[in-house]
Amino acid sequence: MILDGPLQTLFEREGLPSYELPTPLFEAYGGGIGFRKPCVFANFVASVDGVVALPEPTESGHLISKNSRADRFVMGLLRACADTVLVGAGTFRKTRGALFRADAIHPDGASAFAELRERLGLAPHPRLVVVTRSGAVDPAEPALDGALVVTSRAGEAALRGRVSPNTEVVALGADTLLLGDVVALLRKRGTELLLTEGGPSLFAEAVRAKLVDELFVTKSPALFGRYPNDRRKSLADGFDLSGVSMDLLSVRRHGSYLFLRYAL
Ligand SMILES: NC(=O)c1ccc[n+]([C@@H]2O[C@H](COP(=O)([O-])OP(=O)(O)OC[C@H]3O[C@@H](n4cnc5c(N)ncnc54)[C@H](OP(=O)(O)O)[C@@H]3O)[C@@H](O)[C@H]2O)c1
């Protein structure tokens, strides 16, 4: 069983693209899903009060979602649709040992995710791309096997000779890189469906640069609160986004969790 009970579709905008999903995915998601190419889509889990990142050393998503299986299923489904997964180094440093693959986050869906990728003509797994200015990523992380690290020239120097030959390192700027250049590089190399799993700093920067087409956000039924110097982050951090407008595309529900999809 992929999920204990399907997501319930409460609202869906008419005319959204919809792939021929393998039946177990269609049933568990409560309908279809699809994307117009090219598309950059982001996925987060946030508490009802909007917190997505906590300073604890472990990855925040599991803490915020309280390990929701439904959330992990949706993460898997979105990874299964993507040809590339993009994360900032802050997120990467927190997800030690993790593989950014559909089957890794929701193993019960592994065969259905694999079938979907085959139907979509995608490689067995999305390619991971990590963005880092400093180059401070652990070269021994298993997720870097086959991954691309996009960095500054200083970051490249820091990584030189330390990463395995299976990890590609590209320097895109002397000090600062523009996320628009990162997305342009990926497009040039054939990326059409780019999933970003954040974190909130990278996401805010990408929204400010008008690079994000869609946002998937799971509202976890929890309140975390904010207080001075809490080192917590809300979904978009570090930039004034001045009320960027979004259109609601779909709303799904699983227990007390809400799964929202927006176009930016
Ligand atoms: N709840 C969720 O769904 C969710 C999802 C993702 C992450 N998170 C949590 O969010 C936290 C991490 O997020 P974060 O906001 O701190 O970090 P982040 O956005 O993941 O990464 C920020 C880092 O990415 C690199 N970066 C960003 N923009 C860059 C640019 N233009 N050029 C070069 N490098 C760039 C820099 O790396 P360097 O510092 O190496 O230079 C920067 O410090 C963790 O706690 C994680 O668990 C939660």
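Whatever comes next refers back to the structure up there.
Residues numbered from 1 in each chain as written. Predicted model: local features only at pLDDT ≥ 70, side-chain atom pairs only at ≥ 80, totals over all residues. Heavy atoms only, no water.

1. A word on the layout of surface pockets
For clarity, the cut-off: Put simply, the grid is 1 Å and covers the protein atoms alone, a cavity is a trapped set of points that fit a 1.4 Å probe, a pocket is an open set with protein on both sides within 12 Å along at least five of seven lines, and lining residues have an atom within 4 Å of a point. Grid points are joined across faces, edges and corners, and a volume is the space filled by probe spheres set on the points. Numbering of helices and strands runs from the N terminus, with a helix taken as a DSSP run of H or I at least four residues long and a strand as a DSSP run of E at least two residues long. Here the term charged refers only to Asp, Glu, Lys and Arg, the term nonpolar to Ala, Val, Leu, Ile, Met, Phe, Trp, Tyr, Cys and Pro, and the term polar to all other amino acids, Gly among them.
By volume, the largest pocket amounts to about 1,100 Å³. Lining the largest pocket we find 46 residues, and of these Gly88, Gly90, Thr91, Gly199 and Pro200 sit closest to its centre. Among the elements of the structure, β2 (39-47), β3 (51-53), α2 (60-65), α3 (69-81), α4 (89-94), α5 (102-105), β5 (127-132) and α9 (200-208) are those that each provide at least two residues to the lining of the largest pocket. If one sorts the elements of the lining of the largest pocket by residue count, α4 sits on top with five residues. For the lining of the largest pocket, the residue count by class is 19 nonpolar, 14 polar and 13 charged. If you add up the space inside the second largest pocket, you get close to 240 Å³. Residue assignment for the lining of the second largest pocket shows that the elements contributing at least two residues are α9 and β9 (214-220). Across the lining of the second largest pocket, the residue classes tally to 12 nonpolar, two polar and one charged.

2. Points about the packing of α3 against helix α6 (residues 110-119)
Formally: Between the N-to-C directions of two axes lies an angle of 0 to 180 degrees, each axis being a line fitted to C-alpha atoms and, for a helix, fitted only over the stretch in contact. Here is the rule for angles: anything less than 35 degrees is roughly parallel, anything more than 145 is roughly antiparallel, 65 through 115 is roughly perpendicular, and the remaining ranges are oblique. What makes a crossing left-handed is the near helix being turned counterclockwise from the far one by less than a right angle; a clockwise turn instead makes it right-handed. By definition in these notes, contact holds between two residues if any of their heavy atoms fall within 4.5 Å.
Viewed as axis vectors pointing N to C, α3 and α6 meet at an angle of 25°, and their least axial separation amounts to 9 Å. Looking at the two axes, α3 sits roughly parallel to α6. The two elements α3 and α6 meet at a crossing, and its hand is right-handed. The residues of α6 that touch α3, namely those facing Phe73, Gly76, Leu77, Arg79, Ala80 and Cys81, are Phe113, Leu116 and Arg117. Here the residues of the contact of α3 with α6 sort into six nonpolar, one polar and two charged.

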